[in-house]
Amino acid sequence: MNPFVYARPDALPEAVRLGATGRAAFLAGGTNLVDLMKENVARPAEVVDINRLALRDIVEIDGGGLRIGALVTNADTAYDERVRRRYPLLCSAILAGASPQLRNAATNGGNLNQRTRCYYFYDVQTPCNKREPGQGCGAIGGANRIHAILGASPQCIATHPSDMCVALAALEAVVRVTGPQGERTIPFEDYHRLPGNEPWKDNTLAPGELVTAIDLPPEGFAAHHTYLKLRDRLSYAFALVSVAVGMRVEEGRVADLRIALGGVAHKPWRRPQAEAAMRGQAPSRELFEAAAQGLLEGAMGQGDNDFKIPLARRAIVRALSQAAAGTPQSQTDKRIA
Amino acid sequence: MDTVMKVGIGTPLSRVDGLEKVTGRAKYAAEYEVPDMLHGVAVPSAIARGRIAAIDDRAARQVPGVVEVLTHENRPREAWLDRSWKDELKIPGEPFRALGDDRVLFAGQPVALVLAESFEAARHAASLLDIRYEEEAHNIDFQVSLAEKFEPSKKRSSFHPPKNRGDAEAAFAEAPLKLEGEYHLATEHHNPMEMHATTLHWHGDGKITVYDKTQGPQGVQAYLASAFGFSKSDVRVVNAYVGGAFGSGLRPQWQVQLATLAAKHMQRSVRVVMTRQQMFTHVHRPECRMSVRLGADVEGRLTSVICDATTSTSRFEDNMEDIVIWGMMNYASPNAAGSYSIAPRDTYTSADMRAPGAATGMTLFEIAMDEMAYKAGVDPLEFRLLNYSEVDAMNGTPFTSKALREAYREGAARFGWDRRSPEPRSMREGRELVGWGVATGMWDAMFSKTSASAKLSANGHLEVACATSDIGTGTYTVLTLVAADTLGLPPEQITARLGDSSLPTAPVEGGSWAAASSGAAVQLACQSVAKKLLRAADKVEGRPLNGAHSLDDVVFEGGRMLLKSDPTRSVGIVQAMQAAELPVIEEEETASGGISGMVSQMLKSRNTHSAIFCEVRVDEELGQVRVTRIVNAVAAGRIINPKTARSQILGGVVMGMGMALHEETLADRKLGRWMNHNLAEYHVPAHADVEQIDVIFVDEPDPEVTPLGVKGVGEIGIIGTAAAIANAIFHATGKRIRSLPITIDKLID
Amino acid sequence: MTHHTSPKAGTAHASAAPMASMGASLTINGTPHQLLIEPWTTLLDLLREQLGLTGTKKGCDHGQCGACTVLLDGRRINSCLKLAVSLDGSEVTTVEGLGQAGRLHPLQAAFIEHDAFQCGYCTPGQICSAAGLIAEGHARSREEVREQMSGNLCRCGAYTNIADAVLEVLEKGDAR
């Protein structure tokens, strides 16, 4: 870990000012940043500790919905009574991730900004375009069991590791940010990005911008939802494939639907066309399979991760059945519903 | 006479070191405070093979607090001859010397050590070294290395070559039932929870105290003396607590080399702690490919067993394991043959990890056995009983004892094996396919010459001591029990001291021989104390024990010596010592097999056995495996402490689950580098993975195997466990996976 | 820039403060400490290297094993991923603070009774984690205990015994 200047501002404007140097990193729960600093992957000259900022509330938004502060921990979010009641999909996804200790420290803003688990990104003695632009991608043609099958580029095949963000994508949350240019909101779909030719950019935050809150829209799909996560052991492991589904069922038909995938792309993966094709239809296995087909169109394996394509297809079908039946996946009972 | 139950061999006693461990007071290698100590952080090689062309350490040296950057160019001189660097494993080849020269032999090899006044400064400076390499062609891929496989002429002394019998090839050719399969185990890394660490206290008078993570303090002592030019008496190695090792502490690892080099160079105390990533730059369980051919008659009696295996080693040492002999020993086939070779890769040398050889070879063989049972149309348990051998079928020798039949029976009863539906895919619950599998385990019951001392003070406190190690194995507690048993003292009055090279001689802890060996030594030492006590009792007024001529005439119980012929006549231990004016009785004894032991070694095989039954539930569509129930019935002779012995088996089973489902070190072929070198991506079982494990110790009295009748339980729990799981997965799904671990990708078509 | 200054190890209380060190007050196991801390020192390294509280273990240094678990303001966290300086004003409880010989925490006693460890290295983290689990109040069943203890790896494989120990204390409801 390199030496750095540590600052602990008390208020947002000060934090934004300190964060605008281009060499600064915001420190919240620390669970990802400190890890990356120990690996010398992150080498900020300044660390701006934002833990004193007043971003720890969960409040109602006019017209329905909840605003979740960026510094609310993952655990406090998952166990908040309002979140549990209205957004059980989000709770489930959060509780599927990491460990209780990590969830107690990790914040919601930090969860959005956590970086890939790609082996090459993490090992500074290997090539990685995300870490050092121009080095090449070690994972292409390398060990890529955990890598992307969708939306990858010749520059980068990393995946986004978050579980929470998969649920937020399905919920169509809105990210509130503040930066040198002031405040703005980013639809969740636009927050993370695909690697393209700039794989070092995980998201669309402008330099110095800070996530302040996440707005959850009124529709929480509390009756029909699921978060299904498949991984290499039954807990405390990153997703190989995960599926978040939010569904509204009216008169036996799919009235509204969101599907987001984790572990398969550089961002939570959605295909609104595949969702649209299901609206108005009666839930059936054929319909679910068609949806899976639509979501995975163009999926491409890299060798070690080829299995993710059939795994994702089956996981999508199962997750849709779980949501339609109103039997969401438990994150404790490891039997898959 | 009091009626307090005697605490001794067979009593389930809570760990005597438990209080230290649950309160955080137990000190491990990196936790000793020594004055004026430097922190050393090792810099790993970026390449897998080649030479270091240049090291620019200027930036590192400018970091405040950094006092030195040690490399092959400025290291202090050390022993030249390879034989000076041999450790207790004595693996043939050229032992690795950290910073020995400019050669890079494997990725992550330490190529420099940054020494600083604080850990943080050393850590930062270590990232600032600019190293240029001349890279050479390399290979880490086991499949590729098979082209270079060979049978070394100089073999590891622990290696047992397979002994062929009959004409296995002909019998196989003629067999009406044939199975031919190729089986594979991935590379695994030990990953004990404590990372390898050394705190070296430089006393300044030529003496050093080395707090090292090792399984053999005297081995490290001898090694440091021989390799670094110390007089043995100037080196004391302490490993009172070891945070797991599973074989990773059998050889002195490179952190102790670096700490010693640095201390000599700086004439100061030094601590070197590996990072978790660096825990992937030394010993590991070799990758293995084994082809198995089995022939059987139409009833399912094996007529031919043929195993040919290759395991991985490094390019600088020839590590060998006993892979192919287990099936040849365990089953009664009249014809059997085995061959074994090793294949070099550009990695550190593979070496022993929990049940080396058997955990791989027996496990893979037991998957083949399961396949053959289905071919023969015989229940897998029946199939094993059908081919049961009362003798060691490879060596033709009887066993000192073999209660495997009882293990099968008791394990099957506890598990409910008779309710199994034979057809694969025939048991299900909801969306999950349920499968039941069985496998056999087999390990050596070994004994090593070991010394121990016993020191009884006039206040009735007993200290027993031995230089063996407790790496979580329960040795402190076991030796306390043996002493309590011999001298009739309550455990609270006994202290066991281990893990210190200054204590009576013991071999490195491993191979499941520690309890049998150090236990026997402690018993002998306590018996010598007992004899002196008996003589001292003569001085007690009235001579209540008059007529007791030997230990056979008395019983030690509740702190007293009782006359067997008349238990109303007794003398207190303290009373006897006071009467004889003995402030202390101290004895040291050495347990060795003796002549009768050596004869028995030649004439008989000595092994532990186990029968493992397993239930898995596999999501039919998604391939997620849950191991819901395991019963492991173990025949391991006499169990000194059922409580800690059970934990040993539980731990072996859990590691077997890892072998079956999780553990695989993944390589990048282009870089010649392990890529998932962390605990987030190298998966070991977590709490959620482990449900119900039942352990049964079947009755197996065996006075011949070792002096105490003890066979050891450190390894047997892992052996066969992964096969039982793989076999259960087949029974559940109809999918035969011959390559471990069985990760989800292998169950997705 | 002044942040390159490194103090000698073990001088967290040194009077001649390196310029980059920052003051922080932490209450550790009930005892208030006024500390001068380099910003890049983690809570784990502060405890182990500077305060002599080696009960908290370093098993991976990256939040991947749970051996370093402590209670921060009553909640379990991985101390390896916290910069100590950022915890100014916080209360930290380590295994040493949970209980000692003669006044063991019920979890410590239950771990001994159930042989819920072997090598002992993950044990302080397991115990602190279990204390956090009980305080959180989200676990009732064995299955929930197993899931919510999954952030603590045990390579010796004592999981079933750990679950027994934690459940016993949970069910008795006498954890402090």
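Residues numbered from 1 in each chain as written. Chains lettered and ligands numbered in written order. Predicted model: local features only at pLDDT ≥ 70, side-chain atom pairs only at ≥ 80, totals over all residues. Heavy atoms only, no water.

The next thing to look at is the sheet that holds strand 29 (residues 625–635) of chain B. Backbone hydrogen bonds hold the strands of a sheet together, and the pairing may be parallel or antiparallel. Residues and elements named next belong to chain B. Taken in spatial order, the 5 strands make up an open sheet running 19-20-28-29-32, and their pairing is mixed. Every other strand in the sheet has two partners, leaving strand 19 (428–429) and strand 32 (692–697) as the edge strands with one partner each. Helix-sheet contacts for helix 17 (residues 721–733) involve strand 20 (432–444), strand 28 (607–619) and strand 29, and the interaxial angle to strand 20 is about 155°. (Pairing = 2+ DSSP bridges. Helix = DSSP H or I, 4+ residues; strand = E, 2+ residues; numbered from the N terminus. Contact = heavy atoms within 4.5 Å. Axes fitted to C-alpha atoms, helices over the stretch in contact; angles between N-to-C directions.)

Here the focus is the interface of chain B and chain C. Contacts between chain B and chain C engage 63 residues on the former and 56 residues on the latter. Approximately 4,900 Å² of surface area, both sides summed, lies buried where chain B meets chain C, with 55% of it carried by carbon and sulfur atoms. Taken as a group, Val22, Met193 and His687 of chain B account for 18% of the area that chain B buries against chain C, more than any other trio of residues on that side. Across the salt bridge formed by aspartate 115 of chain C and arginine 15 of chain B, the nearest N and O atoms sit 2.6 Å from each other. Linking chain B with chain C are 31 residue pairs in polar contact (both at pLDDT 80 or more), by the criterion used here. Where the side of chain B that touches chain C is concerned, the elements lending two or more residues are helix 1 (18–22), helix 3 (119–126) and helix 16 (642–662) of chain B. With 9 residues, helix 16 of chain B is the largest single contributor of residues to the side of chain B that touches chain C. Considered class by class, the residues forming the side of chain B that touches chain C number 27 nonpolar, 19 polar and 17 charged. (Buried area = accessible area lost by both parts, 1.4 Å probe. Salt bridge = Lys/Arg side-chain N within 4 Å of Asp/Glu carboxyl O. Polar contact = N/O pair within 3.5 Å; in protein donor to acceptor, adjacent residues only side chain to side chain. Nonpolar A, V, L, I, M, F, W, Y, C, P; charged D, E, K, R; others polar.)

Take the domain arrangement of chain A next. Examined at the domain level, chain A breaks down into domain 1 (5–48) and domain 2 (224–325). Just the C-alpha atoms count here: the centres of domain 1 of chain A and domain 2 of chain A sit 36 Å apart. (Domains from an automatic or database assignment.)

This part is about unusual backbone geometry. Among all residues save glycine, negative phi is the norm, and among peptide bonds the norm is trans. The omega torsion across leucine 740 of chain B and proline 741 of chain B is 5°, close enough to zero to call that bond cis. By the element assignment, proline 741 of chain B lies in the loop between strand 33 (739–740) and helix 18 (744–747). Even without a glycine there, the phi angle at serine 512 of chain B is positive, about 65°. In this structure, serine 512 of chain B sits in the loop between strand 23 (494–497) and helix 13 (514–537). Residue classification places serine 512 of chain B among the buried positions, given a relative accessible area of 9%. Positioned with a positive phi, aspartate 115 of chain C is a non-glycine residue whose angle comes to about 50°. Relative to the helices and strands, aspartate 115 of chain C is located in the loop between helix 3 (106–113) and helix 4 (123–136). (Buried < 20%, exposed > 50% of the residue type's maximum accessible area, 1.4 Å probe, protein only.)

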